[in-house]
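Each chain, written out:
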Amino acid sequence: MSGDSVPLVLPLSRLATDCEATNLYRELRKPLLRYLVCLGLSADEAQDVVQDAFLSLHRHLGSGGSQANIRSWIFRVAHNAARNRQSRYERRFAGPLEDSLGLVLDKATPEHAVLEKERFRTLRKAIRLLTESERECLLLRAGGLRYREIGEVLGLSTSTVGDTVERAIRKLSEKCNV
Amino acid sequence: MCEFAGKLMAWLDDELPAGDAAAVKRHLEDCPECRGRVEAYREVCSAFDGYCDSYCEAVVASGSHRRLPRRIITVSGALAVAAAAAAIFLFAPRTRVHPSLLPAAQAPSPAGADVAKALPPVHSAEPAAAVIKPDSRIERRKPAQHEKPMLAQRQGEETGWLPSEPAFEIAIPADAIFPPGALPEGVGFTADVTIAPDGSAQQVRLRPQLTEFERRSTRP
C-alpha cells in the first residue's frame, strides 16, 4: 500500500501563518466534529474538543512545530482528548452510534421512514459487532484520512489499518446482506 | 476466496501502489465475484458515511446527547438532600421543648411539670439559641415565654449571622456537585446544617474541604 499523503487545500510550506491555520480550521472542523460525535461525545463536548485541538494547533505552529502530517496531528490531539474525557466520565467507546436511531430517524421524511428505519437498524446492529479499533478506523476513514494518517492517529501500522478497514467493511457487508 | 479479495478495499480507497492497483483492476474485469464484492463495499461505505453524517447532524441539532455528568450531578444532589433530610429527621425527635413554651392544650403531664421545675432558672442575658449542638441539645435551656418577643427581635437583628458551630457536618465529594475534573483531586465539601429550635433546617452552608490533604497528613 502506498504511503502517499493527501493533498491539502493549502501548501504545507505556508502553514505557519494565522491565515493558513484559519483555512485548516475551515477544512477540518466538520470532519473532526463528526468524528468526535460519532465516538460518543455530546455536541457541546465535541465542539469544546475541536476548539481545544485547533488552539493546540495554533500554539504548535506558533512555536515552530513540525508542519508535516498536520491532519493526522490534529486528529490525534482530538482523539486523545476525547479518550481522556470519556475515561474521566467513566464512559466507554462501546456505545457510539448505538442509541442514534431515534435521532437519525427524526430527520427522515415520512415516505422513507420505514425503509430508513430498517436500514439504519440493520446497520446499527452491524456496527455494534465491530471492535473498537475497527469502528475507529472506519470513522477516521469516513473523515477523509488516508490509511497512513489513520495509523498515525491510532498508533497502528499502515498495513494493519488496511486489514482492519477491510475486515470491518466485510463484516458490515455480511451483516447488512449487501 | 479469491487471492485479490483482501485488496479490494485498499483498491477502492486508492491505497495500493500503482502496480498492485493495475493488477486488481485487470482481475476485476475477469472476476464477477470480486466485482460484486467491490459494489457491496461501495454501498456499505456509502451507507456508513451517510449514517455518520445523519447521526452527527442530529446530535448537533439536538445538542443533548449523552449528558452523563449532568445525570451524576442530579442524582448526587438528590442524595445529598436526602442525606440532609434523613439527618434532620433522625435528630429532630430528640428536641425537648420547655413546658413553658407549650400552649395550655399541649401542657405536659404533672410528672413533666416536675421535671420542668427542676430545670435551672432562665437567665435573660443569655443569647438566643440559634445553633443547637448535637451533644448538648437536650440540656440546652429554652427561653421562657415572656422572652419570646425578645428572641424574635434578636433573631431578626442577626439575619445573615453564620453560626460558628454547626449542628451537622455532612461530607459531600466535590465530584457530586461539580463535573469531574472541575476541581483538584482531593477537594470535597462539608455541609453545615443548622437546626432551628423547632427541628427544621435553619441554614445549610457549604465549606470546601481538602480531604486528601487531611488523609495524607495522618500518615507517618
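So, how was this worked out
Residues numbered from 1 in each chain as written. Chains lettered and ligands numbered in written order. Predicted model: local features only at pLDDT ≥ 70, side-chain atom pairs only at ≥ 80, totals over all residues. Helix = DSSP H or I, 4+ residues; strand = E, 2+ residues; numbered from the N terminus. Buried ≥ 20, exposed ≤ 12 C-beta atoms within 10 Å, placed from the backbone. Contact = placed C-beta atoms within 7 Å. Axes fitted to C-alpha atoms, helices over the stretch in contact; angles between N-to-C directions. Parallel < 35°, antiparallel > 145°, perpendicular 65-115°, else oblique. Left-handed = near helix turned anticlockwise from the far one by under 90°. Nonpolar A, V, L, I, M, F, W, Y, C, P; charged D, E, K, R; others polar. Core = buried A, V, L, I, M, F, W, Y, C linked by C-beta atoms within 7 Å. pLDDT = per-residue confidence, 0-100.

1. Thoughts on the overall build of chain B
So, step 1. Each helix and strand in chain B was counted, giving seven helices and three strands.
So, step 2. Reading the helices (α) and strands (β) of chain B from amino to carboxyl end gives α-α-α-α-α-α-β-β-β-α.
So, step 3. Classification of the 220 residues of chain B by burial places 14% in the buried group.

2. Describing the overall build of chain A
So, step 1. Broken down by element type, chain A carries eight helices and zero strands.
So, step 2. Tracing chain A from N to C terminus, the helices and strands come up as α-α-α-α-α-α-α-α.
So, step 3. When the 178 residues of chain A are sorted by exposure, 41% land in the buried category.
So, step 4. The long-range fraction of contacts in chain A, counting pairs at least 24 apart against all pairs at least 6 apart in sequence, stands at 67%.

3. What to know about the packing of helix H6 (residues 132–142) of chain A against helix H7 (residues 147–154) of chain A
All names here are of chain A.
So, step 1. Between H6 and H7, the shortest axis-to-axis distance is 10 Å and the interhelical angle comes to 130°. On the basis of the axis angle, H6 is oblique to H7. The handedness of the crossing between H6 and H7 comes out as right-handed. Touching Glu136, Cys137, Leu140 and Arg141 of H6 are Ile150, Val153 and Leu154, all from H7.
So, step 2. Classifying every residue of the contact of H6 with H7 by side-chain character gives five nonpolar, no polar and two charged.

4. Here's the deal with the nonpolar core
As a rule of thumb, soluble globular proteins bury nonpolar side chains together.
So, step 1. Within the largest apolar cluster, 58 residues are counted, with the highest numbers of intra-cluster contacts made by A:Leu32, A:Leu36, A:Ala53, A:Ile74 and A:Ala78.
So, step 2. Looking at this core element by element, the count peaks at ten residues for helix H3 (residues 32–62) of chain B.
So, step 3. In this structure, A:Ile74 is in contact with A:Leu28, A:Leu32, A:Ala53 and A:Leu57, ignoring residues within four places of it in sequence.

5. Things to note about H7(A)
So, step 1. Counting buried positions over the eight residues of H7(A) gives seven, a clear majority of the element.
So, step 2. Once H7(A) ends, the next one or two residues include A:Gly155, with phi positive near 75°.

6. A word on the environment of A:Val165
So, step 1. Along the chain, the position of A:Val165 falls in helix H8 (residues 158–175).
So, step 2. If near-sequence neighbours (up to four positions away) are discounted, A:Val165 is found in contact with A:Cys137, A:Leu138, A:Arg141 and B:Met9.

7. Regarding the confidence of the model for chain B
When pLDDT drops low, the exact placement of atoms in the prediction is not to be read closely.
Residues and elements named next belong to chain B.
So, step 1. Across chain B, the average pLDDT comes to 63, with 35% of residues at 70 or higher.
So, step 2. Below pLDDT 50 for its whole length, residues 104–166 participates in 55 contacts with residues either more than four positions away or in separate chains.
So, step 3. A low-confidence stretch, residues 212–220 (pLDDT under 50), is modelled with three contacts involving residues beyond four sequence positions or located in other chains.
So, step 4. Across the whole predicted complex the pTM is 0.54, and at the interface the ipTM reaches 0.77.

8. Describing the packing of H6(A) against H8(A)
Residues and elements named next belong to chain A.
So, step 1. The contact between H6 and H8 brings their axes to 9 Å, and the two run at 95°. Here H6 is positioned roughly perpendicular relative to H8, judged by the angle of their axes. For the pair H6 and H8, the contacting residues are Ser133, Glu134, Cys137, Leu138 and Arg141 in the first and Val161, Thr164, Val165, Arg167 and Ala168 in the second.
So, step 2. In terms of residue class, the contact of H6 with H8 is built from five nonpolar, two polar and three charged.

9. Focus on unusual backbone geometry
So, step 1. Not every positive phi belongs to a glycine, and A:Asn69 is a case in point at roughly 55°.
So, step 2. Secondary-structure assignment places A:Asn69 in the loop between helix H2 (43–62) and helix H3 (70–88).
So, step 3. Phi is positive for B:Asp14, which is not a glycine, with a value near 60°.
So, step 4. Secondary-structure assignment places B:Asp14 in the loop between helix H1 (8–12) and helix H2 (18–30).
So, step 5. B:Asp14 sits in the exposed class, given 11 other C-beta atoms within 10 Å.

10. Overview of the confidence of the model for chain A
Residue and element names in this part refer to chain A.
So, step 1. Looking at chain A, the pLDDT average stands at 80 and 75% of residues meet or exceed 70.
So, step 2. When mean pLDDT is taken per element in chain A, H7 scores highest with 95 and helix H4 (residues 101–106) scores lowest with 53.
So, step 3. Contacts of residues 6–12 to residues separated by more than four positions or lying in other chains number ten contacts, the stretch itself having pLDDT below 50.

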